[in-house]
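One letter stands for each residue in the lines below.
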Amino acid sequence: MKDLYLLGSTGSIGTQTLAIVQNNPGKFRVRTLACANRIYVIREQIKAFHPAYVSVKEPSDADQLKREFPWLEVGSGEAGLRLAATYDSQSADGLMVNALVGIAGLEPTIASLEIGRDVALANKESLVVGGALIKQIQERTKAKLLPIDSEHSGIWQCLRGEDPATIRRIYITASGGAFRDKSRADLKTVTLADCLKHPNWQMGKKITVDSATMMNKAFELIEAATLYDLPIDTINPILHPESIVHALVEFTDGSLKAQLAMPDMLLPISYALFYPERLPTNVPLLDVVGLKQLHFEALDRKRFSLVDVALAAYRQGGTALCVLNGANEAAVQLFLEERIDFLDIETIITQALIQWDNQNNPTLDELLALDKAVKAAIISRVYPPKE
Ligand SMILES: NC(=O)c1ccc[n+]([C@@H]2O[C@H](COP(=O)([O-])OP(=O)(O)OC[C@H]3O[C@@H](n4cnc5c(N)ncnc54)[C@H](OP(=O)(O)O)[C@@H]3O)[C@@H](O)[C@H]2O)c1
């Protein structure tokens, strides 16, 4: 039986992870759960999965849960999340599933890897911002990152049994998000409601907006380069509206392997949870003959300009990726609150990268402080302090 430490349990990836646990009795024991504010969801999860420890964002919510479940250990805030990741720290066994959204996932990823516990990673932001730190810790503790992102799971599956030295090129596919058929002129007038209608995937709101701006794909290129120790130019984004092929790996002999499946996150989550085994899932099977056609096209880098903005930040290294991510999180939040227009997201990110000087080899504390400063500067421009 595998122990699970599940952070972000109330979100899209978190609830699907628990559905897999429920469908595989006797395979997992849920030791910890964590969320921010959706207390009404985590309450039901506590009843169903009997964790030993739960963390929420606000101390007042933690007090409420303690009253409701006197047998349960409950924490809150950043320290609470760290403990949810490292609970049972006398043993590195078990798997931390990081299904948090945003930079909140960075400290728990680092804390879990520090105690030698493997991390099944959905939270791509932690790898984008803290990739260099994370790699250093992994070298020391040998703890592994098991990707949950469908594209990285696809690469992982294609690479199984292969010599990494024989990789020539990797293609990561992009559905194109909600606005894939719109011109830049059309994007001036799109609404939040339009943006949240993703054609192929049901996901949390932040990643759905990131898919429409293509920042999600830029993050995935960086995530793949970090996970697989590859030069960033080896990894190419291509548009593939059907979201059936998740990744393609081309080898030095000219052979190309692809991973295909219906667009359903239950599959990559299961792959990471059960690895090295491959167990049956409830994912609908692909009707290969019924497919008839799959489309691929080059990504229009002018239309999706954030991809090159993000790659330039990656090449700078240092704190540039922290600024990129912080500015993106702040801008997406403002867009979700309908305070800014869709195209303002790009402008805010580009301006932030110009405004903030780059620093090399940042520590975790420096990254977290910079993230807060970048977000505060953006928010105070949109909501200027009252005279
Ligand atoms: N959804 C997908 O299909 C998908 C696919 C690939 C990769 N990913 C990646 O997976 C991650 C999660 O995505 P998602 O779509 O599942 O997001 P989501 O539905 O918004 O869920 C986010 C989870 O994180 C929790 N959370 C957020 N901030 C927190 C904080 N400060 N402290 C404690 N908990 C916090 C939320 O709690 P509350 O519910 O209480 O707010 C929720 O449980 C993201 O990095 C995303 O890019 C998602």
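From a predicted model like this one, the values you see are computed outputs, not experimental measurements.

**Concerning the overall build of the protein**
Of the regular secondary structure elements, the protein holds 17 helices and twelve strands. Its C-alpha atoms give the protein a radius of gyration of 20 Å, within 12% of the compact-globule value 21 Å for 387 residues. In terms of principal-axis extent, the alpha carbons of the protein reach across some 65 × 55 × 40 Å. Burial status across the protein gives 55% buried among its 387 residues. The contacts in the protein between residues at least 6 apart in sequence include a share of 67% that link residues at least 24 apart. Just so you have it, the protein exposes about 17200 Å², and 51% of that area is on carbon and sulfur atoms.

**Considering the sheet that holds strand β3 (residues 53-56)**
In space, the seven strands of this open sheet follow the order β4-β3-β2-β1-β5-β6-β7, with parallel pairing throughout. If you trace the sheet from one side to the other, it starts and ends with β4 (73-76) and β7 (145-147), each paired once. Ignoring strand direction, the axes of neighbouring strands in this sheet form an average angle of 25°. Of the strand pairs in this sheet, strand β1 (residues 2-7) and strand β2 (residues 28-34) are connected by six bridges, and their pairing is parallel. Residue pairing across strands places Leu6 opposite Leu33, the latter belonging to β2. Running at roughly 150° to strand β6 (residues 118-121), helix α5 (residues 106-114) makes contact with β1, β5 (95-98), β6 and β7 of the sheet.

**Looking at helix α2 (residues 39-49)**
Among the residues of α2, those classed as buried are Ile39, Ile42, Gln45, Ile46 and Phe49. All buried residues of α2 project into a common sector of 115° when viewed along the axis, lining one side. Lining the buried residues of α2 we find α1 (12-23), β2, β3 and α3 (59-68). After α2 finishes, the residue His50 shows a positive phi value of roughly 50°.

**Observations regarding the nonpolar core**
A general feature of soluble globular proteins is that nonpolar side chains tend to end up buried together. Residues Leu65, Leu106, Ile148, Ile155, Leu324 and Phe342 are the most contacted members of the largest nonpolar core, which totals 129 residues. At eleven residues, the largest contribution of residues to this core is made by helix α15 (residues 320-336). The two domains that each donate at least three residues to this core are domain 1 (2-147) and domain 2 (152-263 + 300-316). When sequence neighbours within four positions are dropped, the list of residues in contact with Ile148 reads Ile13, Val97, Ala120, Leu121, Ala122, Met265, Pro268, Ile269 and Ala272.

**Side note on the site of the ligand**
Within the structure, the ligand sits among 24 residues, and Thr10, Asn37, Arg38, Glu125 and Gly204 are positioned closest to it. Between the ligand and Cys35 there is a distance of 3.5 Å, counted from a nitrogen atom to a backbone nitrogen or oxygen. In the model, an oxygen atom of the ligand is placed 2.5 Å from a nitrogen or oxygen of the Arg38 side chain. Taking 900 Å² as the accessible area of the ligand by itself, protein coverage stands at 89%. Elements supplying a minimum of two residues to the shell around the ligand: α1 and α6 (124-141).

**A short note on the packing of α5 against helix α17 (residues 364-382)**
Helix-helix packing is characterised by the crossing angle of the two axes and by the distance between the axes. Put simply, α5 and α17 touch, their axes get as near as 11 Å, and they point 165° apart. Between α5 and α17, the angle falls in the class roughly antiparallel. Helix-helix and strand crossings are classified by hand; for α5 and α17 the assignment is left-handed. Every residue of α17 that contacts α5 at Leu106, Glu107 and Ile110 is listed here: Leu364, Leu367 and Leu368.

**Side note on the domain arrangement of the protein**
For the protein, the assigned domains are domain 1 (2-147) and domain 2 (152-263 + 300-316). Summarising the inter-unit geometry, the C-alpha centres of domain 1 and domain 2 are found 26 Å apart. Each partner contributes to the interface: domain 1 provides eleven residues, whereas domain 2 provides 17 residues. For the pair domain 1 and domain 2, the interface holds three salt bridges. Here domain 1 and domain 2 share five residue pairs in polar contact (both at pLDDT 80 or more) between them. Contributing elements (two or more residues each) for the side of domain 1 that touches domain 2: α6 and β7. In terms of residues, the side of domain 1 that touches domain 2 owes the most to one element, α6, which gives six residues. Of the residues in the side of domain 1 that touches domain 2, the class split is six nonpolar, two polar and three charged.

**Considerations on the sheet that holds strand β9 (residues 235-239)**
The sheet built from five strands is open, its strands ordered β11-β10-β8-β9-β12 with mixed pairing. Sheet topology places β11 (256-260) and β12 (297-298) at the edges, where each strand pairs with a single neighbour. By the bridge criterion, five bridges tie strand β8 (residues 167-174) to β9 in an arrangement that is parallel. Residue pairing in the sheet places Tyr171 in a bridge with Asn236 of β9. Contacts from helix α7 (residues 150-159) reach β8, β10 (245-251) and β11, with the element oriented near 40° to β10.

**A look at the side chain of Glu107**
Counting through the fold element by element, Glu107 comes out in helix α5. On the basis of relative accessible area, Glu107 is assigned to the buried category, the value being 16%. In this structure the side chain of Glu107 is engaged in a polar contact, spanning 2.7 Å, whose partner is the side chain of Arg82. Sequence-distant contacts of Glu107, defined by excluding residues within four places in its chain, comprise Glu78, Arg82, Leu364 and Leu368.

The rules behind the values
Residues numbered from 1 in each chain as written. Predicted model: local features only at pLDDT ≥ 70, side-chain atom pairs only at ≥ 80, totals over all residues. Heavy atoms only, no water. Helix = DSSP H or I, 4+ residues; strand = E, 2+ residues; numbered from the N terminus. Rg over C-alpha atoms; globule rule 2.2 N^0.38 Å. Buried < 20%, exposed > 50% of the residue type's maximum accessible area, 1.4 Å probe, protein only. Contact = heavy atoms within 4.5 Å. Areas by Shrake-Rupley, 256 points an atom, 1.4 Å probe, with all protein chains shown as cover. Pairing = 2+ DSSP bridges. Axes fitted to C-alpha atoms, helices over the stretch in contact; angles between N-to-C directions. Arc of directions from axis to C-beta. Core = buried A, V, L, I, M, F, W, Y, C linked by side-chain atoms within 4.5 Å. Domains from an automatic or database assignment. Near = heavy atom within 4 Å. Polar contact = N/O pair within 3.5 Å; in protein donor to acceptor, adjacent residues only side chain to side chain. Parallel < 35°, antiparallel > 145°, perpendicular 65-115°, else oblique. Left-handed = near helix turned anticlockwise from the far one by under 90°. Salt bridge = Lys/Arg side-chain N within 4 Å of Asp/Glu carboxyl O. Nonpolar A, V, L, I, M, F, W, Y, C, P; charged D, E, K, R; others polar.

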